[in-house]
Every structure is written in structure tokens, then in C-alpha cells.
There are 4 protein chains.
Amino acid sequence: MPKKSKSRKSKKAWSGRFQKAMAKSAEEFTSSTHYDVRLYKQDIVQSIAYAQTLLKAHVISAKEAKRIIKGLEAILKGMERGKVKLDPALEDVHMNIESMLISKIGDVGKKLHSGRSRNDQVSTDLRMYLKFEATEIIMLIKKMQTVLLDLAEQHIKVIMPGYTHLQRAQPVLLSHHLMAYFEMLERDKARFISAGAAADVMPLGSGALAGNDFKIDRELLAKELGFSCISANSMDAVSDRDFVIDFIAACAVLMMHLSRFSEEIVLWSTWEFDFIELSDKFATGSSIMPQKKNPDIAEIVRGKTGRVYGHLQGLLTTMKGLPLAYNRDMQEDKEAVFDVVDTVRTVLDVFGEMLASINFNAEQMGRSAKKGYLTATDLASYLVRRNVPFREAHKIVGEIVAYCEESNMELEYLSLKQLKQFSDKFSYDATRILSAQSSVNSKDVPGGTAPNRVKDAIKHARKHLLHDKA
Amino acid sequence: MPKKSKSRKSKKAWSGRFQKAMAKSAEEFTSSTHYDVRLYKQDIVQSIAYAQTLLKAHVISAKEAKRIIKGLEAILKGMERGKVKLDPALEDVHMNIESMLISKIGDVGKKLHSGRSRNDQVSTDLRMYLKFEATEIIMLIKKMQTVLLDLAEQHIKVIMPGYTHLQRAQPVLLSHHLMAYFEMLERDKARFISAGAAADVMPLGSGALAGNDFKIDRELLAKELGFSCISANSMDAVSDRDFVIDFIAACAVLMMHLSRFSEEIVLWSTWEFDFIELSDKFATGSSIMPQKKNPDIAEIVRGKTGRVYGHLQGLLTTMKGLPLAYNRDMQEDKEAVFDVVDTVRTVLDVFGEMLASINFNAEQMGRSAKKGYLTATDLASYLVRRNVPFREAHKIVGEIVAYCEESNMELEYLSLKQLKQFSDKFSYDATRILSAQSSVNSKDVPGGTAPNRVKDAIKHARKHLLHDKA
Amino acid sequence: MPKKSKSRKSKKAWSGRFQKAMAKSAEEFTSSTHYDVRLYKQDIVQSIAYAQTLLKAHVISAKEAKRIIKGLEAILKGMERGKVKLDPALEDVHMNIESMLISKIGDVGKKLHSGRSRNDQVSTDLRMYLKFEATEIIMLIKKMQTVLLDLAEQHIKVIMPGYTHLQRAQPVLLSHHLMAYFEMLERDKARFISAGAAADVMPLGSGALAGNDFKIDRELLAKELGFSCISANSMDAVSDRDFVIDFIAACAVLMMHLSRFSEEIVLWSTWEFDFIELSDKFATGSSIMPQKKNPDIAEIVRGKTGRVYGHLQGLLTTMKGLPLAYNRDMQEDKEAVFDVVDTVRTVLDVFGEMLASINFNAEQMGRSAKKGYLTATDLASYLVRRNVPFREAHKIVGEIVAYCEESNMELEYLSLKQLKQFSDKFSYDATRILSAQSSVNSKDVPGGTAPNRVKDAIKHARKHLLHDKA
Amino acid sequence: MPKKSKSRKSKKAWSGRFQKAMAKSAEEFTSSTHYDVRLYKQDIVQSIAYAQTLLKAHVISAKEAKRIIKGLEAILKGMERGKVKLDPALEDVHMNIESMLISKIGDVGKKLHSGRSRNDQVSTDLRMYLKFEATEIIMLIKKMQTVLLDLAEQHIKVIMPGYTHLQRAQPVLLSHHLMAYFEMLERDKARFISAGAAADVMPLGSGALAGNDFKIDRELLAKELGFSCISANSMDAVSDRDFVIDFIAACAVLMMHLSRFSEEIVLWSTWEFDFIELSDKFATGSSIMPQKKNPDIAEIVRGKTGRVYGHLQGLLTTMKGLPLAYNRDMQEDKEAVFDVVDTVRTVLDVFGEMLASINFNAEQMGRSAKKGYLTATDLASYLVRRNVPFREAHKIVGEIVAYCEESNMELEYLSLKQLKQFSDKFSYDATRILSAQSSVNSKDVPGGTAPNRVKDAIKHARKHLLHDKA
């Protein structure tokens, strides 16, 4: 006669074969309720669909299905009202919900887990969550793109120095500069679309690792849960976290872009550049220095880039070298991705607002574009058009610049006579091309900073943004 | 009268405005010839197309274009024959080729760089290179997938223990296990297709950062260079390395997958598992222990995962917080991506060969699948079919397992009488379901390990692989 | 006449020069109260010492100092009782405490911040915190070392296979294997001692970045706060986070060690190795598979390694390329280091407990050490002692192993006659050295696995641990 | 009668038990000769000492030892002359040297490896190498510190704006700013001293993992090889790579510091800051823009920070989850650490040279320190000295700044009358404290920017540098 184990008193759903209860410290260490509670909605929605599938597979009766579904709906409402407290001893949100269900509707509730393992259940929840968050983040990106388009339109006439190596290089339109970020965000959206698609594969029905043994209709289940397709291999399905890594990688690149923009916000708001003034609403002061106005938002965004990179590296490391199929290490995916989602959403939100409230100092930008020989390349191109080989033209203009530096003079103040000392190809029209405006106008190719090209780019972007329903 | 600067004697193409020659140490530090020589072919092909574009834009004459193109073709041939030595003092492969061209065809060669900057030139080369490498890697992945399909077909009857937490969980087909890796590689291919598409945007015509000032036809140029589209913003174009990061991220996830497979190769070839024997051709011995046969290939692959992760993190870090547009920091992208390409290509190659030569020990796998109560879940499902709520069934079977453990007995040796002591729902057919084969058969859902399902999966995969011309 | 700005109503301590209040979203984004509340104790202790210093520097009177200190002590008590709620709008714990002080003792409280900036204040708090945590972690490491010593003593007679490449290599004592982790932890302790020393430099008195302008006695202040020395450069002091990185790096290496140990716990508790049984108190079951007993603690520890690595990379990234002196990006240090401290402390705690409750299966270990030709090297050494050059001896024994493999025989069952077929140097005593025990005994060098050496090592370690009061 | 295996013809030292030769691809994949050739010197020196130890342990005769040592010395000479080509099929530099030895002195050479494994051999080589490199890097750091001290002395009178959040904060001495980097480098040196000490433990005598079986005198061996101590546990010894991680971590923090300095070099050389001019010897031009002079050295240093971070992350990842003892994954340590050493040495070298050749624009720095209300805090401190509570004083000055901003006026041009409108505590001496010089003078605490304090710091640093013989 088999003896009854002590552990039957355990709260654990799996305690049948165990003789001793889990140590308190181990229980706390392994419990995930404090963060996976976030998935309660996905979990209940999934369970409702799963109950219907069990019904269709004749594992439960119509009456049982109805009671289970009603019970789950009641729990969902309770949780939405915030009236439910999870018990960490029940390990995770999934076991908590099952336990609530059983205490609400009795033994029928014990039928829900038939053929389902937490291995496929958790992955399904997380995929539902990330599909949703990918869409949310895309919407936030679009919002920021709209801010950029608005700014680009408003400032279409503003010329500023374009930089390479942070040295003044050539004049560009401020709008052109802003539209560069529009393009980065465009690629970010594409990455989140891919990440959403990566998540859009239903693992449910993979069981613990070998598959479901109740011949459930996985295709139908996927349809009801809004998944585009089902996973093709149960062992892969329960041990795959590629979709989380894809998502975090998309976030990492987005943060990289915003770190670059942040760097520019910080630079532009220095006393030295003086290209922008931040609104008081998006700047902070100093606890000791009364005069300070600091671009903290941009700095924190730049700083948080490290945080998101860290999560990417963290999860890649965690997954390294794990044998098939599910291993508990993977539990680390959730806190990482939740923190990344929170970070990215908040950052997009507040950075966009800050951006919209910036006051651009067009005058100072224009002034800066005039100092630093920014049209030297235009002068070389002038010579090229007069049949001087470019490499020769480059040298000639290099010497002109050296001469100007010594004489502390800007290119546009050179007389034709002075120019001619360097090359007899210069003629009366040479000095005309030395203005920033002329330089900008001449970059008349698709993607160039010529005003008509930038206007086209903005128009095209606006249209694209409207019709894009990703 | 402007004085001639000393620096005119410098080898540098840009020395016009400089008074002093670069320090030797600085020259060596900034030079990239020792690695970017790899891009010579892309660079020359690009230059030929660019010369044609300059012709169409009336910057050079037909005769000039012809001489430039002929010169470039000669240089290409020379480099392919390995007869060319680059001069590090000329900074990079691009300036070396320009310099060779000039010394070969004279002053006409100095016209080639008109309107082009290394900023758009280098990015175009690198994109051409990565487009190509993405395709190459996809082909290598397919090759490994073919090995997996062959192995899966050959061993379709082999049953082995499936693991979770590295504990024996449920019986699965070896073929099913192998096909899990097929699926991972399937996702990897998708990632390289995306990475290839990300690279497939032509930045050429963006100039230094503001655009090209010779009204060249960028669309036509893209067509000739085999690019699907052109970049939409010149500032973004020259400062964008997303495509490199996307590529390395795809490699990182691929390596993660292979690190998992490697871990299993290492485990399976232990004395303890004894599931496989590596061919002598893909194993190594010990310098001191005469009996050793080590799975070094798998270990090194697992180890190199860190290397590829490191490059991903490295480049993300490098790009963090850089203001627009081009900054020299970005030069670090090339050594990283070259090393990643070499690593991944070699790894795919040798890992695939090693895989194909493995000797699977089917007998030992089968034996292992019989020990460890792997069909306990099937017993629970049996009870569920007899209307015992699953959670109750789980507990009952848990107690049966505890009983077996104490009695040191496997499930399949339990008599009906013994079973009935735990639940009266057990009847004569209960013991039939306790074999590994029966367990495997019952996972009869898409993606499950039932033999018919696995055969379908293999057939489908084979067909897909044939028709997939990514 | 200057107009009164609206912002005087702002809660911010620095609102004097601002016209508009901070946006709610920006306020939330920049606030750190939800995590830096952890530093309240350090902050108050610091402020009390700072008040005394201000008194000595004649910035405040004795009466004022007394009131400030009394006020701070009352706040400390309140916070310790958990009766205080921080206001996020006040930015951080430091401003909250100052604000409480002012509302408690009036205008005198407004004198406390004289000459002090949050830049030196925060860094001082964090250093005090990490000095403390370094000590705490060292104590936890010692606790785990004690567990290891106890186990090593208990199992001093147990022989097991030593592995390289996870292939059986040579017999070793289980105690020797366990003592390898003792050594790793020994190095970890050294790293935390270094990290503690790195934190043990007082930045207070550096002001915002230029130094304190009230001629305070920094040396005395350091003494009162228990710092060993003061920072030597105020700009470095407020922008230095090396000490945080050092601390997290120490944690990363510790986690790497524990990930290796965890891997072994996972391996050893497989059905295949069967070297240990985990206590039910430190194992978990499966929601679906009734027979499972999983080594979750070890898996989660292994998984959390990625998390700690991620924080290291995150902070390194955040600090990259920041100009002097303080930048707000650095605020990201705290959440990272708090999470790392929590992770490492919990991991050390629960991993140690799990370790202590492990049941080692000595019999199975011994059995395993007998299969796999683990004494082949001993046989080669035998030949070396008979003047066969080692490389020759290695080859001979390699052939003997090949012969045994073919004949499916262990080395110790070879007859002298059989041995002699491979080399005539073998004589009657050759077979004696082929037992695991003999092999172990022969590794009789310091650090070797010979029982007397291992006993010495344990004894020495025990003594060292007792007298070590790091 | 045992059959002779084909593999006896293999070049591998371990081929005795193998039937088939290694595949070419596997051979190439596992070979490390192309990079570990770097360790040839350490390897030979080690072998010479090991031969002497074998002699003392009576494993070889005096005559044999002499021949071995002479042979090794000849090989060393040959390699130093660059006359030796390694054979990749021999796996690594160690087997190559053994093979050369055997072909040079015959069978006696086959005795050298007695009791030694590559596991302890490689680790010993690498430790010898890193001990040396730690010292080399410390010397390069000192060289850069000397440059900093020279610059700090030369420019002791130059006042510049100190920044926080890249906003002008308070005036500081340029020398003080430079000395902040001196301090960072001081900590870096300490880290390399630690890293050197971590490497300074001899693993030789640990054999493959269990210890040496010829009772060699490890202590004596360590003494001869210049190690301070011997490893305490053979299993730990062969699987420990902490010392490599410590070394790379030290490099990562050093690079972080230099990335910050680089960022400042880039900023300071912009048209906007105009604080410095780089020497033509350490700047580059543009292939297209004739006027450009770019701070490429600083940019590349900043960029290479990612590279070194990547290696740190890479090796940490590689070591994660490896069971004891040696695993081949660890082979990845060498290329990583070699690249890091090369990077750091070159960076220190060229960055230091660049630094020394910088032309500081003192006038522009001074001008900048006058604009931006940098002495606002001094004004608040003035009020504090007149018994206005600091928080009140901060508000008052904040309003004064707001007033000045509106009136577009600097603080120092405020009349006493104007000041008095904000507080009647202002008196005739208030305006005196508003100069940058006065502000700097007032930071008269240890570590502060007051000229006497900075001079003391320089003097102390110079002295310390001289007497420091790390």
C-alpha cells in the first residue's frame, strides 16, 4: 500500500512525488509572481481559448468548458480591478490563476491543464505580449516621426553647418538633418515589424516538449488567439527565445539612434553651439549652481542606451550553450524584456515631447554655417566643372584654405584676383558659389540637401506615414 | 602670393591645407589597408559604375571614362592575381586604388573622385560585401540543413529521451530532436535575408554628407551596382551602420543556436550519455592522456559564440552617442564584421561536416528512454481520458513514481493491481501505454513527435529547401 | 525691478531661474526616488557629518548644527520605521530628505547644502553603500566556502572521474573537485576586497566639480565617515564611477564561477551522471510531467549570470565617451548596482543552502572512475619511469587503449602478457598502478589530488578562513 | 597481436588511439599556430625550467637535461631570428616546439612532456606573457601621466569653464582638468598591478587536471620562472581564466577613460569650442572636403573602446557555464587578449604623442569662462557667508541669473544697486567675487581647483611618479 507523502499538503501543483516541502529561500528564489503578473491577461485569454480547444477535442464537456470559461472571465475581471493578490508560493502567475480557478469552480478547474505545460503556455503568453508591444512601440515611433516632420516643415529655410568628425563640413538644411533621424526611425519600425512577426508563431500545443497528446486542433487555436501560424517543432517551440532577442535587439538599435540624437541635443544646447534652447519644461537645474539649465532628458536617454544593450547581452549570454529543450535559465527573459519595453516606451514618449518643445536658434545656426570654409568643396567642384581634375582641384582649394587661415579670412571674402593666384580657371562667377545657400542648392540629387529635394522627402515621408498601417 | 606648403609632397590626397606631414605612429594607427584590402573588388566595381555615371552627368568625357574604366579593370586583374601591394601610408584600399589609377593613366585618374567622398564610397563597398556574404551564409546554412534532413531521415525510427532541465522528460524521436535545429536554422536564414535586405540600399551619391553636386543619376547607378534602392537622406546614409549591426546580430543568434547544438554534441559524446561517437576525423586527443578523444570542434564552436557576441556589443558601443554625420569611430566596423564573417562561415562548414560523420548509438538512446519514468505524463493523460481531472491525475501519478522510486522499479513493470491501489480508474489497457513507442505515437499534433508528424515535417522541409532560392 | 518667476512655487530646489514648471512626464522620467531611497541611511549619516564639518568651518553655528543633526536623526528614525513616503516630484532621496528637514526645523535646514552638491553627495552615499555591501558579500562567500570545506572533509575518501572536455580524464577526489571552487571563491573575495578599497575614497568636498568653497576639513570628514582617504581631484571625483564598475566586474566573475558550478550540479543530477541527488527542498517539479525533479536553483543561478554580465556591459557603455565632469547619464549606475547586489546576495545564499543539502552518490562516482581508461596516463608514466621517452610511452598506451576499446575491456583487466605485446618494459608491477586509488595517490605534489595533499589543502583553507577577517 | 593503426603516421602527438587522420577542415579549425606563436619565448623558457625540474625529480638524467636545454636554446634563437615556420597541422606553438626539439636532438626530446600537459603549460605561458604586458602597459600609462604633468605645469595659469551636463558650470584651471585624467590613470595602474598579481601564480605541475605524477618541486620551478606563488588546486589551475578576464577588464576601464578624454579632444577642437588645435602631425584631412582637419586619432580611440568592451564580454560569455576542468572553448582567450594588448599599447602610445603636441588656446578658454554665469554659485556662497540660508541664497541668485538672461548681461556687470534689489545682504564687496579667478581661488580644499591646491597636486603626483616602481 503506497504511503501518502507529506508533500500532498504542499501548494505546489507538482508535489506528488516529493517527500519534503521546498525551502522558503528556494521558493522565493524561484518564484516569478512579482513580475510575470504582467502576463495575467494574456494567460487568461489563452486559457479560455485552450478550454474551447479541449472541448472540441472531447477532453472536457461543453458544460465543463462553460464553467471554466466563466470562471476565468471572473478572474480576469477581478485582476483588472486590481482586487487579486498573487501568492508567491504558487510559483508564478499561471499557477496562481489555475489555483484561483479551482477554488472558484472546484474540481472542473483541475481539467484545464490537460495536455498543456507551462513550457508552451509561458511562451505563448510572452509572444502575445510582445506582438502587442511591438505594435505599441511602432505607434510611438510614428508619433516621434510626426514631430520630426512638423519640425522639418517649420524650419525648412534654416541652414546650419553639417558636421563630420564634429568638424564643420558642408552647409545643410536643419530639416535635412532632422530627416536623417526620420530615416533611422523608419528602419526601427521595420525592425519592430520583424520582431512582431517573429513573435507571431503559436507554440501552444507543444506540451512539455514532445507535443500535445489530445489531438487538439492547433491551427484553430492559433486563429482564435490571433496568431498567423503555429510552430513546426515542439522541442524547438518550448526552447526558443529568438523572438525575445529579436525584440530586444530592435530596441537596442533604436536606443542607439536616440543616443545619437541625444548627443546632438546635448551639444546643441551648449553655450558653445547655442543652436537650441530647451523648454524649461524639459530641463532641470542644479542643486548647487543657480545658473544651470541642464539637458537631463537627453542625457538620461543616452545613458539608458547602456541599460538596453546590457539586456541584449544578458539574454544572449543566458541562452548560450543551453541544451534542448526548456531550461529554467530562460525564466530570466521576462524581467529583461519588461524592463526594455518600459524603458523604450517611456523614452520615446518623453523624448518626443522634449523635441517638440525645442526652440531652434536659426540665426546662430546660419552664422555658424558661414565660418569654417564650409563651401570649400563647392569651390573644388567649380574647378572640376572647368575641367580641372578633382584631385588637383582639391589640392588647390586646400591651399586656398591654408591661405585664408593664415590671413584669418573666410572664403567668401576672397577676391577674384586672389583666387586667380591659385588657379587661372577661376572666373567672375566663382565667388557666387561660395554662399551656404548656393552650396545647399547644388546638392540636387535624391537624398541631397537641396531645398526642393528635402521638401520632396518631407512630402513623401508624410504621405508614407499616413498610409502606413503597420 | 600664396606659399607652397611642404605638405604637397605628402602622399595624402588631402594634404593641401596641412603644413606638416602626419606622424608615423599616427599614420599607422589610422591606416586600414591591412584589413580593408578585402573590399578591393567591390571598390573597383563601384568605381567603374561611378565613372559611367560621371560620364552621363557630363563631368567626364567618353574618352576619359573609357581610360578610367580600362585602368580600373587592369588594377582589378592585378589584384586578383595577388600582384599588388598596398601602401599603408595611403590610408586605405580606396586611396591606394585611386593612386594606382593615377600612376597608371595619369591626370585623368584624378577625376574619378569628383562628387564622391570616402564616406559614401566605403559604405557602398561594405554593403556590396555584406549583401554577398549574406547569400553565402544562407547557402552554408542550407547545406547544414540538408545534413540535418539526411540524418533525420536515416534515423527516423530511433527513440531517445527528450530532456527538460537536462532531466529525462518524455521519449522523442531523434529525428524530431534534430529537426528542432532545422527550425532554428530556418529562422537564421530569415534573419540573413533581412540583413541582406538591410544592406541592399545604395548610399553612393550622398557625398561627404550633404549629397552629390553633379546631378548624377543615382537610380541608374544603383541599378548597375545591383542595389534594389537608394538611400533617402544623405546625412543618414553616411552615418548609418545599422546594416552591419543587423548582420552581426543575425550571426550572434546563429552562433547561439550552434552553441546549444555544440553543448549537446559534447554531452552526447560523454561516457555518461554515450549517445554518439564522433568520427576520428573530427575529434582530437590529449597531449598527455593517451585515452582521450575530445569533441574539440563542438567546444570551439561553443567558445566562439562569445567572440561573436563580443563583436555585436563592440559595434553597438562604438555607435553609441555619435553625433551626425560620419565619425572616424565607425572605421571599427570592418575588422569586426570581417572576423564575424570568417568565424561564421568556417563554423558552419566544419560543424556541418562533423555532424555528417557522427555515429549515433541508437541502442543506448533507446535504453535511456526506458529509464526515468518518461511515460508518467502518458499515464496521467490516460486518467484524464477516464475523466480524472488532470491536476488530480498528476498527483496520483506523482505518487506512483514515488512508489516506483522507493521500490526501484520502472513504470512499465507495474501490475494492474499495483496501479489500482492508486486509482480505480486504471483498467487492463493502462499498461499498454507505458512504452516509449506508445508515448511517442500519442503526440499526434502538428509539430509533435509522433512518427507520422515528424515524417511530414521532414518531407515538408525537404521540399521547402529545394524550392527556396533565397 | 526683477519679476518673481512662477517657478518659485515649484518644488524643485533649483527653480530660481526657471519660468515654467517641469512637465509631468519629464518629472517622472528624471526622478530616481523609487530606487535611490535605498541610500537614505547613508545620506543622513553623511549629512550629519557634513553639518559638523560646516560648524567647524564656521558656516553654521553650534546651535544650528545641533538642530540640523537632531532633525536628521528624527528623519532617520522615521524612515527606519518605514513611516516616510518620498515625493517623486522632489527628484531623489537627497532632495526629499532636505525638504523634510526644512519642514521639520525651518529655515536652518536650508543651510545644510552649503558648499555641497548632489554630485559629491550622491557619490559619497554610493561609496558608503558599496563599502558595506562588499563586506557583506565577502561574508556570504566565506559562508559558502565553509559549506565547501565541510563537504570536502565529509567526502575525503570519495573518488570520482575528473573531466576535461567533459570526457573522463583522470580519477580525482571529489574533495579535490570541490576545493577547486573554494579557490575560485578565494579569488572572488580578493576581488571584493579590491572593490571595497576602490569605493573607500571620499569625494565629499568636491562640490559640483571645482571643490568646496568653505574651506572645510575634508580629512576629518573622511575620518568621521569611515573613509580611508579623500579624492585627489574634484573633477575626477564627481565623474568617476570606476568603483561601481569594479564592483560589478567582481560580481560578474563570481557569477561566472557559480555558473560553472551550476552547470556541474545540473550535469551531476542527470540520470546519466547520477552523481548527486538534490534535496526535495531545493528542487522543483513539473506542471505536467509527474515524475520530474528539476535542478531549478542551479539553472536560475546559471541564467542570472547573463543578467549580471549585462549590467557590467550596460554601465561600461553608459560611461563611454562622457566628457567631464558629471553627466546625468551616470544616474543609471544605481539601479544596475542595486540589482547586481540583490542578485549576488540571494544567489550566494540559496546556492550555498542547496549545496549543503546535496546527497552525493559516492558509489556511482567510484564506478564511473573505473570506466573510460582513466589511468592510461599512469600507465604511460610507468613506462617513463622505465626510461621510455614520454612521447613514445603516450603512443604505446594509445595503442593499448585502442586495443581495449576494440576488445571492450578495461585497462585493469589486461594481463601482463597482453601488456608486453605493446612494450617489453612492462613488468609484474604494471597492473598495480591501474586502479583509480593508485592513480590518485600518485599525484603527490602541492595542488595535486593525492589524498594527503587534499587533506593539507583543506586544513590550510580552514585555518585561513578562520583567521581571515577581511 | 595488436594491429598498428594507420594513425601512427599522423603528425599529432596524441594519435595512438585514433584510426583515422583528422579532416583537413577540422585541423585548420582547431589549429592555433597563427596566433599562439606569440608565446614561443615564454614556452621555451618554461620548458627549459621544466627540464631542470625533471632532472631534479630524476625523470631525466643530467646529460639528457643538458641536451634538451641546448636544443631549446637553439630553437629560441632560431625563432628570434624569424627563421622558423610553424606547421599548423601540429596544432599549436607548443607541439611545434616539441616537434622541432625532437627532430633536432632525437628521442631525448620525447621526454620533455613527462608529467606536463598542455593544460598547465599553456596557462603558464599566458600568465608569463600577461605579467610582462601588465608591466609594459603600466610603463606606457606612466609615460602618458608624465605628458599630463608637463601640460598641467605649462598651463597652470589657464582658466577654462568647468562643465557638468556639458553646460558651463564653474571656472576651473585647465591644469585641474588635465589632472583629473592623471587620477584616472592612477587607478588604471592599480588595476594593472592587480591584474599582474592575478597572473603571478604558477599552474605548472597541475598536469592535465589532477596534478603532476613525478613529485616535481613546484616551488622551486615557480622561483625559477619568476612566479611569486603556485596554484593551490590543480583542477582550478587548468580551468581558471580569471587572470585573463581581470586583465581585459583593466583594459576596458582604461579605454573608457580614454574614450572620455577623446570625446573632450573632439569637442575642444570643434569650431564651436575652439579650445585646442591639434598638430597637423596628429590630424587628418578629407578625401573630398579640402578645408577639413579632423581629430581622427581621438575618434578611433573612442571607437576602439567598443572593441575592448567586446572582448571582455566575449571571454566572460565563453567561460559561462563551463564544467571543470579544461575545455577547449578556453582557447578563445588568446586572440582576444592579444588583440586587447595590441590595441591598448598602441592607443596609449599614439594618444600620448597626440596629447603632447596639442596647442591650447588659452585666450578662448578664458573668454568662455566669462560667459555663462559661471560664478553664480560664488554669489550664493557670498550670501551664505552673510547668513542667508543656502537654499534661499540659491533661489535669490537663480532670480538674478534669470534677470541677467533677460537683460542679456553677465553677472560681473551687475551694479551693487541691482544686486540689492534681490537681497539687502549684498554689499560693496559682492562684485569682487564674480571674476573667474576669484572663483577658482576660493575652491581652496584638498582636491579643489584653487591654484595652490592644483600646484600641490602636480608636485605630489610628480614625486609619486618618480618613486613608484610598480
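Residues numbered from 1 in each chain as written. Chains lettered and ligands numbered in written order. Predicted model: local features only at pLDDT ≥ 70, side-chain atom pairs only at ≥ 80, totals over all residues. Heavy atoms only, no water.

Peer 1: Is there a simple way to think about the relation of the copies chain C and chain D in this case?
Peer 2: It takes a turn of 180° to lay chain C on chain D, together with a shift of 0.0 Å along the axis; the resulting RMSD is 0.0 Å. The superposition of one copy onto the other is thereby described by a two-fold rotation axis. Of the residues that chain C buries at the interface, 100% are likewise interface residues in chain D, meaning the two copies contact each other through the same surface. (Least-squares fit on C-alpha atoms with pLDDT ≥ 70 in both. Contact = heavy atoms within 4.5 Å.)

Peer 1: Even after reading the chapter, I still don't get the interface of chain B and chain D, so can you show me in this structure?
Peer 2: One frequently used descriptor of interface size is the decrease in accessible area upon assembly of the parts. Each partner contributes to the interface: chain B provides 61 residues, whereas chain D provides 61 residues. In this assembly, chain B packs against chain D so that about 5400 Å² is buried in total across both faces, 61% of it on carbon and sulfur atoms. For the chain B face of the interface with chain D, the top three residues by lost area are B:F29, B:D280 and B:S287, together amounting to 13%. If you look at where chain B meets chain D, you find 10 salt bridges. (Buried area = accessible area lost by both parts, 1.4 Å probe. Salt bridge = Lys/Arg side-chain N within 4 Å of Asp/Glu carboxyl O.)

Peer 1: Looking at this structure, I do not really get the environment of D:L258. What am I missing?
Peer 2: All names here are of chain D. Inspection of the secondary structure puts L258 in helix 10 (residues 242-268). Residues L258 and D378, spaced 120 residues apart in sequence, show a C-alpha to C-alpha distance of 32 Å. Apart from the residues within four sequence positions on either side, L258 is in contact with M144, V301, V347, L348 and F351. (Helix = DSSP H or I, 4+ residues; strand = E, 2+ residues; numbered from the N terminus.)

Peer 1: Even after reading the chapter, I still don't get the interface of chain C and chain D, so can you show me in this structure?
Peer 2: Residue-level contacts link 117 residues of chain C with 117 residues of chain D. Taking both partners together, chain C and chain D bury about 10100 Å²; carbon and sulfur atoms supply 55% of that area. Among the residues of chain C in contact with chain D, C:R260, C:L324 and C:R391 are the three that bury the most area, contributing 8% of the side total. Summed over the shared surface of chain C and chain D, the result is 20 salt bridges. Between D:K215 and C:D444 there is a salt bridge, with the nearest N and O atoms lying 2.9 Å from each other. Counting the contacts that link chain C with chain D gives 54 residue pairs in polar contact (both at pLDDT 80 or more). Split into classes, the residues belonging to the side of chain C that touches chain D amount to 47 nonpolar, 35 polar and 35 charged. (Polar contact = N/O pair within 3.5 Å; in protein donor to acceptor, adjacent residues only side chain to side chain. Nonpolar A, V, L, I, M, F, W, Y, C, P; charged D, E, K, R; others polar.)

Peer 1: It is not clear to me how the packing of aromatic side chains should be interpreted in this structure. Could you clarify?
Peer 2: For any pair of aromatic rings, the description consists of the separation of the ring centres together with the inter-plane angle of the planes. Residues and elements named next belong to chain D. Applying the stated criterion across every chain, the model contains 40 aromatic pairs over all chains. A centroid spacing of 5.6 Å and a plane angle of 80° characterise the contact between F192 and F247, whose relative ring orientation is edge-to-face. Of this pair, F192 sits in helix 7 (residues 174-199) while F247 sits in helix 10, and the two are 55 residues apart along the sequence. F247 shares its class with F192; the two are buried. Ring geometry for F273 versus F275: centroids 5.5 Å apart, planes at 85°, classification edge-to-face. Exposure class is identical for F273 and F275. Each is buried. (Phe/Tyr/Trp six-rings, centres within 6.5 Å; stacked < 30°, edge-to-face > 60°. Buried < 20%, exposed > 50% of the residue type's maximum accessible area, 1.4 Å probe, protein only.)

Peer 1: Looking at this model, I keep getting lost on helix 3 (residues 40-56) of chain C. Mind explaining?
Peer 2: The α-helix winds at 3.6 residues per turn, so residues separated by three or four positions along the chain end up facing the same way. Residues and elements named next belong to chain C. In this model helix 3 runs 24 Å from its N-terminal to its C-terminal C-alpha over 17 residues, within 8% of the 24 Å that 1.5 Å per residue would give. Where burial is concerned, most of helix 3 is hidden: 12 out of the 17 residues are buried. Here the buried face of helix 3 lies against helix 2 (33-36), helix 4 (62-80), helix 5 (93-105), helix 6 (118-154) and helix 8 (218-224). Looking one or two places after helix 3, you find H58, whose phi comes out positive at around 60°. (Expected span 1.5 Å × (residues − 1).)

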